[in-house]
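Tertiary structure, described
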Amino acid sequence: MTKTRLAQALVLSAVALAAGCSMAPKYERPEAPVATDWPGLRLARSLAVAPTGASTAVQTIAAADIEWQSFFSDPKLRLLIEAALRNNRDLRIAVLNIEQARAQFQIRRADQFPTVGAAATGTRQPAAGGNISSVYTAGLAMTSYEIDFFGRVASLKDAALAQYLATEEGRKTTQISLIATLANTWLSLLADEELLAITQQTLATREESFKLSQLRFDNGATSELDLRQAESLTEAARISLAQLQRQRALDENLLTLLLGQPLTGELAAALPAGQALADAPLMVDVPAGLPSDLLTKRPDIRQAEQQLLAANANIGAARAAFFPRISLTASAGSVSNHLSGLFESGTYGWTLAPQLFLPLFDAGRNRAGLDSAKVNRDIAVAQYEKAIQTAFREVADALAGRATLGEQLRAQQAQASAEATRFKLSDLRYQNGIASQLDLLDAQRSLFAARQAVVQTRLLQLQNQVTLYKTLGGGWKEPVAAAAVPGTTTP
């Protein structure tokens, strides 16, 4: 047998022996600890009220299968989302975590194969007669390659693979949260603009009313009580204006953080300016599906299940540690007693040194390792079930909002209309001396509160649609024909 053929035989025989058994427990997906139907749907059926202000289009495709470009139709919002997907640091960290987990998996996978390299050794030691014996070798060597009869190395590789897949699902979860948070922040800015406009109009009206009250008081036509009441309402409007200006600044700061870059150029132009929340493009209502659909649609649940699979595989590695570990060291090359004659003809030699190690006493280390692996698996089961329960609660909350916010908005719009009529009548009665200024100021205050409530409820309704889309697993898919966004991975 030639040198090359012997080296190939050593490698191939080691690889052939590597296919061992697995001691990991058979994986069975835990039962979902949630109901089989959404409580929000039962609420909607009991109310028998269709959502108001939502798109009349009914989407039959599951939310998780709807690309965010299709769900969000406003071009300004889509521009902001695209910028966030390129520059957001949380998403960038999630992508880097995938690369790190992929490298760890490749390391574990490489452990299943022998490592062969060039090696040179030299030993000198005393010999009989006071002489010094020397041995020099040079050639190919394979050191301490574990023959995986009992599946320890394979289980570790399976655990690393599951962790890698879990990080990919984590990246999807991060993208979903990023898109939903950015969309809700953008809607908040629209609400800020509308509330600022209402407050500025109210402040101008109250300032004019306060001037008239001051004039009437100076001429003795009204009491100081009426004057101070008008002054109080004017200052209350100024307080609301300052609060809204601060809130808008905070929302812009949050948007800047989500985007990962300053709001300049086309991004600044994408900010809502003078645009009312009522003018926001409508979003389609997505179907809720069944609670069992979340197991395959929500990336965070799939991430928890992959972590459970990793914990399950680690039990196999811990069990295999109780059994003999067989390793193989081999080399083939030139051997000589003199360094100068190492590569001369006829100096070829080879060594093969298998080793079997059976643990007899380890002070309970292997037992503790197995117990730890089993506890980690139980923890992973609880985390998986908690992920399902959390997802169920989030979807149920969003469905409850969809069932009730439409009717709430309709009622508050009717209330605001009634308050507007009441204010007109109160003003007319006051101008004709039939009603007191107190009645007029009370009607003015109630109208302001009703108009604010309409905007806030409309904001809640639109944000609830975004939240429902998010909680059903929508927002991580990209169009097939679209180019991959830099800094992200297309699933």
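The structure we're discussing is the one just above.
Owing to the predicted nature of the structure, the values given are computational and were not obtained by experimental measurement. (Residues numbered from 1 in each chain as written. Predicted model: local features only at pLDDT ≥ 70, side-chain atom pairs only at ≥ 80, totals over all residues. Heavy atoms only, no water.)

**Section: a nonpolar patch on the surface**
Nonpolar side chains collect at one region of the surface, where Leu356, Leu358, Leu360 and Phe361 lie side by side and expose about 530 Å² of accessible area between them. With respect to the helices, strands and loops of the structure, Leu360 is situated in the loop between strand E4 (348-357) and helix H11 (365-431). (Patch = residues over 30% accessible without salt bridge, like charges linked within 9 Å, V, L, I, M, F, W, Y side chains within 5 Å. Areas by Shrake-Rupley, 256 points an atom, 1.4 Å probe, with all protein chains shown as cover. Salt bridge = Lys/Arg side-chain N within 4 Å of Asp/Glu carboxyl O. Helix = DSSP H or I, 4+ residues; strand = E, 2+ residues; numbered from the N terminus.)

**Looking at the side chain of Thr234**
Within the element layout of this structure, Thr234 appears in helix H7 (residues 224-259). Here Thr234 falls in the buried class, since its relative accessible area comes to 2%. Setting aside its immediate chain neighbours within four residues, Thr234 contacts Leu203, Arg206, Glu207 and Phe210. (Buried < 20%, exposed > 50% of the residue type's maximum accessible area, 1.4 Å probe, protein only. Contact = heavy atoms within 4.5 Å.)

**Looking at the environment of Gly473**
The topology assignment puts Gly473 in the segment after helix H12 (437-471). The buried category is assigned to Gly473, whose relative accessible area is 0%. Apart from residues lying up to four places away in sequence, Gly473 is in contact with Ala64, Ile176, Lys297 and Arg298.

**Some words on empty space enclosed by the protein**
Under the counting rule described, the total for this entry stands at two cavities of 30 Å³ or more. Estimates place the volume of the largest cavity at around 90 Å³. A class-by-class count of the residues in the lining of the largest cavity yields nine nonpolar, one polar and one charged. (1 Å grid on protein atoms, 1.4 Å probe; cavity = no way out; pocket = protein on both sides within 12 Å on 5 of 7 lines; lining within 4 Å. Points joined across faces, edges and corners; volume = space filled by probe spheres on them. Nonpolar A, V, L, I, M, F, W, Y, C, P; charged D, E, K, R; others polar.)

**Notes on the packing of aromatic side chains**
Counted under the stated rule, the structure contains six aromatic pairs. Ring geometry for Phe71 against Phe72: centres 5.0 Å apart, planes inclined by 90°, an arrangement best described as edge-to-face. The pair Phe71 / Phe72 is uniform in exposure class, with both members buried. Taking 5.1 Å as the distance between ring centres and 25° as the angle between the ring planes, the aromatic pair formed by Phe150 and Phe323 counts as stacked. Of the two residues, Phe150 sits in the loop between strand E2 (132-147) and helix H6 (152-218) while Phe323 sits in the loop between helix H10 (299-320) and strand E3 (325-336), which places them 173 residues apart along the sequence. A residue is classified by how much of its surface remains accessible, and Phe150, at 24% relative accessible area, is partly exposed. (Phe/Tyr/Trp six-rings, centres within 6.5 Å; stacked < 30°, edge-to-face > 60°.)

**Notes on the nonpolar core**
The nonpolar side chains of a soluble globular protein tend to be buried, and buried together. Core analysis: the biggest nonpolar cluster contains 65 residues, and Phe72, Leu182, Leu187 and Leu259 have the highest contact counts within it. When residues of this core are traced back to their parent elements, those giving at least two are helix H3 (68-71), helix H4 (75-87), H6, H7, helix H9 (294-297), H10, H11 and H12. Of all the elements, H6 adds the most residues to this core, at 14 residues. Those residues in contact with Leu259 that lie beyond four places of it in its chain are Leu80, Ala83, Ala84, Asn87, Asn88, Leu182 and Leu267. Of all hydrophobic cores here, the second largest spans six residues; its members include Met142, Tyr145, Ile326 and Ala330. (Core = buried A, V, L, I, M, F, W, Y, C linked by side-chain atoms within 4.5 Å.)

**Digging into the pairing of strand E1 (residues 116-126)**
Examined bridge by bridge, E1 and E2 share eleven bridges and lie antiparallel to one another. Its bridge partner being in E2, Thr121 is matched across the sheet by Thr137. (Pairing = 2+ DSSP bridges.)

**A look at H7**
Because each turn of an α-helix spans 3.6 residues, side chains separated by three or four positions in sequence point in the same direction. Over its 36 residues, H7 extends 52 Å from the first C-alpha to the last, a length consistent with the 52 Å expected when each residue adds 1.5 Å. Looking one or two places after H7, you find Gly260, whose phi comes out positive at around 75°. (Expected span 1.5 Å × (residues − 1).)

**Examining the packing of H4 against H7**
When two helices pack together, their arrangement is given by the angle between their axes and by how far apart the axes lie. Viewed as axis vectors pointing N to C, H4 and H7 meet at an angle of 55°, and their least axial separation amounts to 7 Å. Classified by the angle between their axes, H4 and H7 sit oblique to one another. Contact residues: H4 offers Leu80, Ala83, Ala84 and Asn87, while H7 offers Leu255, Leu258 and Leu259. Split into classes, the residues belonging to the contact of H4 with H7 amount to six nonpolar, one polar and no charged. (Axes fitted to C-alpha atoms, helices over the stretch in contact; angles between N-to-C directions. Parallel < 35°, antiparallel > 145°, perpendicular 65-115°, else oblique.)

**With respect to helix H5 (residues 89-110)**
End to end, H5 covers 31 Å across 22 residues, agreeing with the expected 32 Å (1.5 Å per residue, within 8%). Listing the buried residues of H5 in full gives Leu91, Ala94, Val95, Ile98, Ala101 and Phe105. Axial view of H5: buried residues confined to an arc of 115°, hence all on one face. Of the exposed residues in H5, the ones pointing more than 90 degrees away from its buried face are Leu96 and Gln100. (Arc of directions from axis to C-beta.)

**Focus: the environment of Phe392**
Its place among the elements puts Phe392 in helix H11. Under the relative-accessibility criterion, Phe392 is labelled buried at 14%. Considering only alpha carbons, one finds Phe392 and Ala35, 357 residues apart in sequence, at a separation of 8.7 Å. Setting aside residues up to four positions removed in sequence, Phe392 forms contacts with Val34, Ala35, Asp37, Trp38, Pro39, Pro291 and Leu294.

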